[in-house]
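Examining the three-dimensional arrangement
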Amino acid sequence: MGTRRFIVSVAAFSILALPVFAPAAEKGHDTDLGEKIFSGKVGPWTAEARLVDMKAQMEKSGVSAKTAAKFAGKRHLMLFVTDPATGKPAAGVAGKVDVTGPDKASSSKVTLVPMGGHIGVDIGVPTPGKYTFKAEIESPGRKGSATFSYTLK
């Protein structure tokens, strides 16, 4: 990976993993954390999925238009997994998500990475149409799954 691309990637992850995410997971999420695309049960947990337009987020953070353009078609999928008994972020959760694009041929399985108060991953969402996400979440002794969709206009 080139130095420039590495620096841009680190900047993107830094912006997306700011400490603001942990308090947001406990209080509900606002539009600065992307568009809500799912809210419901995932096995024993409650969860909320949000999709952040990385190009728009970069533009809001003040990076150059040239740098922001490198994130066109990229989204950051954030999954806030909560223990319903305590209302706090679930400890030790990990998972994978199958993403199927509108043409059905553009399917990928990605690993969700712990990032502060959520687990997440950067994904490509380049083509308008319906994207389907099948999340499989687990922690020691517990598992759950959920399927949800998002339509890119």
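This is a predicted model, so every value here is computed, not measured. (Residues numbered from 1 in each chain as written. Predicted model: local features only at pLDDT ≥ 70, side-chain atom pairs only at ≥ 80, totals over all residues. Heavy atoms only, no water.)

Concerning the confidence of the model for the chain
Low-confidence regions, as indicated by low pLDDT, have predicted coordinates that should not be scrutinised in detail. Formally: Every residue carries a pLDDT, the predictor's confidence in it, which falls somewhere between 0 and 100. Numbering goes from the N terminus for both helices and strands, where a helix is a DSSP run of H or I of at least four residues and a strand is a run of E of at least two.
Of the residues in the chain, 78% have a pLDDT of 70 or more, and the chain-wide mean is 83. When mean pLDDT is taken per element in the chain, strand β1 (residues 35–42) scores highest with 97 and helix α2 (residues 21–27) scores lowest with 39.

Comments concerning the pairing of strand β4 (residues 94–100)
This is how it is decided: Any residue under 20% of the maximum accessible area for its type is buried, any over 50% is exposed, and the rest in between are partly exposed; the area is computed with a 1.4 Å probe on protein chains only. Pairs of strands are assigned from DSSP output, requiring at least two bridges between the strands.
Of the two faces of β4, the one lined by G95, V97 and V99 is fully buried and the one lined by A94, K96, D98 and T100 carries no buried residue. Sheet topology note: the β4/strand β7 (residues 129–139) ladder contains 7 bridges and is antiparallel. Its bridge partner lying in β7, A94 is registered against E138. Examined bridge by bridge, β4 and strand β5 (residues 107–115) share 6 bridges and lie antiparallel to one another. Pairing of T100 across the sheet is with S107, part of β5.

Some points on the pairing of β5
One ladder, built from 3 bridges, connects β5 with strand β6 (residues 118–124); its direction is antiparallel. Bridging from a neighbouring strand, M115 pairs with H118 of β6. Hairpin connection from β5 to β6: 2 residues lie between these consecutive antiparallel strands, with G116 at a positive phi of about 65°.

Here we look at helix α3 (residues 54–61)
As a reminder, the rule being used: Relevant arc is that of directions from the helix axis to the C-beta atoms, nothing else. Residues adjacent in sequence count toward polar contacts only when both atoms are side-chain atoms; beyond that, a polar contact is any pair of N or O atoms within 3.5 Å, and within protein one must be able to donate a hydrogen and the other to accept it.
If you check which residues of α3 are buried, you get M54, Q57 and M58. End-on view of α3: buried residues confined to an arc of 100°, all on one side of the axis. The residue sitting at the N-terminus of α3 and contributing the capping side-chain oxygen is D53; that oxygen lies 3.0 Å from the backbone nitrogen of K55.

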